[in-house]
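Each chain, written out:
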Amino acid sequence: MNIVLELFVVTFKVLWAFVLAAAKWLVRPKEKSVAGQVCLITGAGSGLGRLFALEFARRRAQLVLWDINTQSNEETAGMVREIYRQLEAEDALRAGNLVEEEVLPCSNLQVHTYTCDVGKRESVYSTAEKVRREVGDVFLLLNNAGVVSGHHLLECPDELIERTMMVNCHAHFWTTKAFLPKMMEMNHGHIVTVASSLGLFSTAGVEVSWSGILPFEAVVCMYRFLGADKCMYPFIAQRKQATNNNEAKNGI
């Protein structure tokens, strides 16, 4: 009898969770403000990381940008500073028009860049300590950094497979361990992890990542219809062309 009762309670809780989720979907909760908050983005030098940085800058966040590529990271920081300048000009215009609006003055906002290899836990921990010392406590950690080998499994060197796992998986543990304790202590903060759909559906050229949620035959049929089985081919061809050019340049 107890088992039947427990099953009923669990079923009710699951159904109630669906109801609450549907309610939140229909009635959107108010967005939390990140204005003036320290937001750290990994892999900020390009791609999604750069887009995240620009969007958070528009929302007046204090940004900390991590990337293994110093030059591209600084380029992102330059774009962020330009957004800060534009917001500051808009604030000055509003002030001149005597428009009363509670906004964080952009003159107080800064962007900080750090060169960090998130695939190495020593680099993550030491850089995190520098951030705490030089910037302050992190309010939002955005785990965005990721790599793709662009090789078929049998052609992919073991080192690249290990690198993929370290950056795309293990790094999230290192960064979370570095910043979560202080968030828990303050009862204030968020951790966001960016994941590719390839974590659920694999495709040709990224065999070093995946798990499946559909039968294999269904995945093959769907991928061939969408052309996803060949989506990595241009990337692989570009990589091979770059390798051939380097070998020709070096006289190999």
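Basis of the calculations
- Residues numbered from 1 in each chain as written.
- Predicted model: local features only at pLDDT ≥ 70, side-chain atom pairs only at ≥ 80, totals over all residues.
- Heavy atoms only, no water.
- UniProt positions renumbered as here; feature names shortened; annotations may be inferred.
- Helix = DSSP H or I, 4+ residues; strand = E, 2+ residues; numbered from the N terminus.
- Patch = residues over 30% accessible without salt bridge, like charges linked within 9 Å, V, L, I, M, F, W, Y side chains within 5 Å.
- Areas by Shrake-Rupley, 256 points an atom, 1.4 Å probe, with all protein chains shown as cover.
- Salt bridge = Lys/Arg side-chain N within 4 Å of Asp/Glu carboxyl O.
- Buried < 20%, exposed > 50% of the residue type's maximum accessible area, 1.4 Å probe, protein only.
- Axes fitted to C-alpha atoms, helices over the stretch in contact; angles between N-to-C directions.
- Parallel < 35°, antiparallel > 145°, perpendicular 65-115°, else oblique.
- Left-handed = near helix turned anticlockwise from the far one by under 90°.
- Contact = heavy atoms within 4.5 Å.
- Nonpolar A, V, L, I, M, F, W, Y, C, P; charged D, E, K, R; others polar.
- Expected span 1.5 Å × (residues − 1).
- Phe/Tyr/Trp six-rings, centres within 6.5 Å; stacked < 30°, edge-to-face > 60°.
- Lys NZ or Arg CZ within 6 Å of the ring centre and 35° of its normal.
- Pairing = 2+ DSSP bridges.
- Right-handed = clockwise from strand over helix to strand, strands pointing away.
- Polar contact = N/O pair within 3.5 Å; in protein donor to acceptor, adjacent residues only side chain to side chain.
- Core = buried A, V, L, I, M, F, W, Y, C linked by side-chain atoms within 4.5 Å.

As for the UniProt feature "transmembrane region" (unreviewed entry) in the chain
Okay, step 1: Under the local residue numbering, the UniProt record ascribes the feature "transmembrane region" (unreviewed entry) to residues 7-27 and 33-53.
Okay, step 2: Helix makes up 95% of residues 7-27 and strand 0%. Its end C-alpha atoms lie 30 Å apart.
Okay, step 3: As a span, residues 33-53 carries 33% helix and 24% strand, and end to end its C-alpha atoms are 15 Å apart.

Here we look at a nonpolar patch on the surface
Okay, step 1: Together, Leu5, Phe8, Val9, Phe12, Trp16, Val19 and Leu20 make up an exposed nonpolar region whose accessible area comes to about 710 Å².
Okay, step 2: With respect to the secondary-structure elements, Phe8 resides in helix H1 (residues 2-26).
Okay, step 3: What makes Phe8 exposed here is its relative accessible area of 57%.

Some remarks on the packing of helix H4 (residues 121-134) against helix H5 (residues 158-186)
To describe two helices that pack against each other, one gives the angle between their axes and the distance between the axes.
Okay, step 1: Look at H4 against H5: their axes get within 9 Å of each other, and the N-to-C directions meet at 30 degrees. One finds that H4 runs roughly parallel with respect to H5. Where H4 crosses over H5, the handedness of that crossing is right-handed. Touching Arg121, Val124, Tyr125, Ala128 and Arg132 of H4 are Trp174, Thr175, Lys177, Ala178 and Phe179, all from H5.
Okay, step 2: For the contact of H4 with H5, the class distribution of residues is six nonpolar, one polar and three charged.

Points about H1
The periodicity of an α-helix, 3.6 residues per turn, causes residues three or four positions apart to be oriented the same way.
Okay, step 1: End to end, H1 covers 36 Å across 25 residues, agreeing with the expected 36 Å (1.5 Å per residue, within 8%).
Okay, step 2: Burial within H1 is sparse, with just zero of its 25 residues counted as buried.

Quick notes on the environment of His172
Okay, step 1: Looking at where His172 falls in the secondary structure, it is placed in helix H5.
Okay, step 2: Sequence spacing of His172 and Gly119 is 53 residues, and the spatial spacing of their C-alpha atoms is 9.1 Å.
Okay, step 3: Excluding its chain neighbours within four sequence positions, the residues that come into contact with His172 are Asn143, Ala145, Val167, Thr193 and Val194.

Notes on the packing of aromatic side chains
Okay, step 1: Summed over the entire model, instances satisfying the criterion amount to one aromatic pair.
Okay, step 2: One residue, Arg28, lies across the ring of Trp25, its end atom 4.3 Å from the ring centre.
Okay, step 3: Taking NZ or CZ as reference, Arg121 lies 5.8 Å from the ring centre of Trp174, over its face.

Some details on the pairing of strand S5 (residues 190-193)
A regular strand carries its side chains on alternate faces of the sheet.
Okay, step 1: Relative to S5, strand S4 (residues 140-143) runs parallel, the two being bridged by four bridges. Note that in S5 the partner of Asn143 across the bridge is Thr193.
Okay, step 2: With respect to chirality, the unit in which S4 leads through H5 into the neighbouring parallel S5 is right-handed.

Notes on the side chain of Ser123
Okay, step 1: Mapped onto the elements, Ser123 comes out in helix H4.
Okay, step 2: By relative accessible area, Ser123 is classed as buried at 18%.
Okay, step 3: One polar contact links the side chain of Ser123 to the main-chain amide nitrogen of Asp117, over a distance of 3.2 Å.
Okay, step 4: Not counting residues within four places of it along the chain, the set of residues in contact with Ser123 comprises Cys116 and Asp117.

Points about the nonpolar core
Okay, step 1: Counting residues in hydrophobic clusters, the biggest one holds 21 residues, and the most contacted among them are Cys39, Ile41, Phe56, Leu63, Leu65 and Val80.
Okay, step 2: At the level of secondary structure, the elements contributing two or more residues to this core comprise strand S1 (38-42), helix H2 (47-58), strand S2 (62-67), helix H3 (70-96) and S4.
Okay, step 3: For this core, the leading source of residues is H3, giving five residues.
Okay, step 4: Discounting residues that sit within four places of it in the chain, Leu63 has contacts with Cys39, Ile41, Ala53, Phe56, Ala57, Val80, Tyr84, Gln110, Val111 and His112.
Okay, step 5: Within the second largest apolar cluster, 19 residues are counted, among which are Leu40, Val131, Ala171 and Met183.

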